[in-house]
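Here are the chains, one letter per residue:
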Amino acid sequence: MKTVKVAAAVICDSLDTKSQIFATARGYGEYKGQWEFPGGKVETGETPRQALIREIQEELAARICVGDLIGTIEYDYPAFHLSMDCFWCEVAEGKLKLLEAEAARWLTKEELYSVPWLPADRTLIAEIEKRMG
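Residues numbered from 1 in each chain as written. Predicted model: local features only at pLDDT ≥ 70, side-chain atom pairs only at ≥ 80, totals over all residues. Heavy atoms only, no water.

*Asks:* Would you explain the overall build of the protein chain in this entry?
*Replies:* Across its full length, the protein chain carries three helices and seven strands. Ordering the α and β elements of the protein chain from the N terminus gives β-β-β-β-α-β-β-β-α-α. For 133 residues, the compact-globule estimate of 2.2 N^0.38 gives 14 Å, and the C-alpha radius of gyration of the protein chain, at 14 Å, lies within 12% of that figure. Overall, the protein chain is about 40 × 30 × 25 Å in size when its C-alpha atoms are taken along their principal axes. Taking all 133 residues of the protein chain together, the buried fraction comes to 44%. (Helix = DSSP H or I, 4+ residues; strand = E, 2+ residues; numbered from the N terminus. Rg over C-alpha atoms; globule rule 2.2 N^0.38 Å. Buried < 20%, exposed > 50% of the residue type's maximum accessible area, 1.4 Å probe, protein only.)

*Asks:* Explain the layout of surface pockets to me, please; I cannot follow it from the model alone.
*Replies:* Rolled over the atoms, a probe as big as a water molecule pinpoints where empty space is left. In this structure, the largest pocket spans a volume of roughly 570 Å³. As for the largest pocket, its lining consists of 30 residues, of which Val6, Arg26, Tyr28, Glu36 and Leu118 are closest to the centre. When residues of the lining of the largest pocket are traced back to their parent elements, those giving at least two are strand 1 (3-11), strand 2 (20-25), strand 4 (39-41), helix 1 (48-60), strand 6 (81-93) and helix 2 (119-122). Considering each element in turn, the lining of the largest pocket owes the most residues, four residues, to strand 1. Class assignment for the residues of the lining of the largest pocket results in 17 nonpolar, five polar and eight charged. (1 Å grid on protein atoms, 1.4 Å probe; cavity = no way out; pocket = protein on both sides within 12 Å on 5 of 7 lines; lining within 4 Å. Points joined across faces, edges and corners; volume = space filled by probe spheres on them. Nonpolar A, V, L, I, M, F, W, Y, C, P; charged D, E, K, R; others polar.)

*Asks:* Please explain the environment of Ile21 as it appears in this structure.
*Replies:* Within the secondary structure layout, Ile21 lies in strand 2. Look at Ile21 and you get buried, because its relative accessible area is 0%. C-alpha of Ile21 to C-alpha of Trp88: the two residues are 67 residues apart in sequence and 9.3 Å apart in space.

*Asks:* Would you explain the pairing of strand 6 in this entry?
*Replies:* On a regular strand, one side chain projects to one face of the sheet and the next to the other, so that they alternate. When strand 1 meets strand 6, the two strands line up parallel, connected through nine bridges. Residue pairing across strands places Val10 opposite Trp88, the latter belonging to strand 6. As judged from the eleven bridges shared by strand 5 (residues 63-76) and strand 6, these two strands associate in the antiparallel manner. Each residue of the ladder has a partner; that of Ile73, found in strand 6, is Met84. Between strand 5 and strand 6, which pair antiparallel one after the other, the connecting turn spans four residues. (Pairing = 2+ DSSP bridges.)

*Asks:* What is the right way to look at the nonpolar core in this model?
*Replies:* What tends to happen in soluble globular proteins is that the nonpolar side chains get buried as a cluster. Of all hydrophobic cores here, the largest spans 28 residues; its most connected members are Ile21, Phe37 and Ile128. Listing elements by their share of this core, those giving two or more residues are strand 1, strand 2, strand 5, strand 6 and helix 3 (125-131). (Core = buried A, V, L, I, M, F, W, Y, C linked by side-chain atoms within 4.5 Å.)

*Asks:* Where do I start with the sheet that holds strand 1 in this structure?
*Replies:* Within a sheet, adjacent strands bond to each other through the backbone by hydrogen bonds, running parallel or antiparallel. Pairing in this open sheet of four strands is mixed, and the strands run 4-1-6-5 from one edge to the other. Edge positions in the sheet fall to strand 4 and strand 5, since each has one partner strand and no second. Strand-to-strand twist across the sheet, computed as the mean angle between neighbouring axes with direction ignored, equals 20°. (Axes fitted to C-alpha atoms, helices over the stretch in contact; angles between N-to-C directions.)

*Asks:* Is there a simple way to think about the packing of aromatic side chains in this case?
*Replies:* Any pair of aromatic rings gets described here by the distance separating the centres and the angle formed by the planes. Counted by the stated rule, this structure contains five aromatic pairs. Over the ring of Trp88 we find Lys18, and its NZ or CZ is 5.0 Å from the ring centre. (Phe/Tyr/Trp six-rings, centres within 6.5 Å; stacked < 30°, edge-to-face > 60°. Lys NZ or Arg CZ within 6 Å of the ring centre and 35° of its normal.)

*Asks:* Quick question: what am I supposed to make of the pattern of salt bridges here?
*Replies:* Pairing between side chains of opposite charge can happen when their charged atoms approach one another. Using the criterion set out here, one finds ten salt bridges in the structure. Between Glu102 and Lys32 there is a salt bridge; the shortest N-O distance is 2.6 Å. Highlighted residues: Glu102 in the loop between strand 6 and strand 7 (103-108) and Lys32 in the loop between strand 2 and strand 3 (35-36), separated in sequence by 70 residues. Judged by relative accessible area, which is 41%, Glu102 ranks as partly exposed. A residue is classified by how much of its surface remains accessible, and Lys32, at 49% relative accessible area, is partly exposed. (Salt bridge = Lys/Arg side-chain N within 4 Å of Asp/Glu carboxyl O.)

Spelled out as structure tokens, the structure:
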């Protein structure tokens, strides 16, 4: 089975307080309409942090500060194995604009389970909930 290496940004309102996180709904493909943390594939020669900075610029037109690694999700989808490094992030410059996603929301700790997460992303929600302020 092919492995796809990606990096995901758990963008929060503040790396210190983490009272809200930013989630997006996929605007395309088999999982259209399901929610995820923005990010994308790690290209050859890139670190996961470099990939995140590039992907968020491409997808959301903003520059981010990448904080600590929350964890790495290993998940088997039917067609591929996903290896996803998930980092706490905050917006460093600009405003988040949806260039690829069909919707987005800032979610509080109490709202984390209010959207239909993609299966791999869902595995991280309990850990994020523990670490939010």
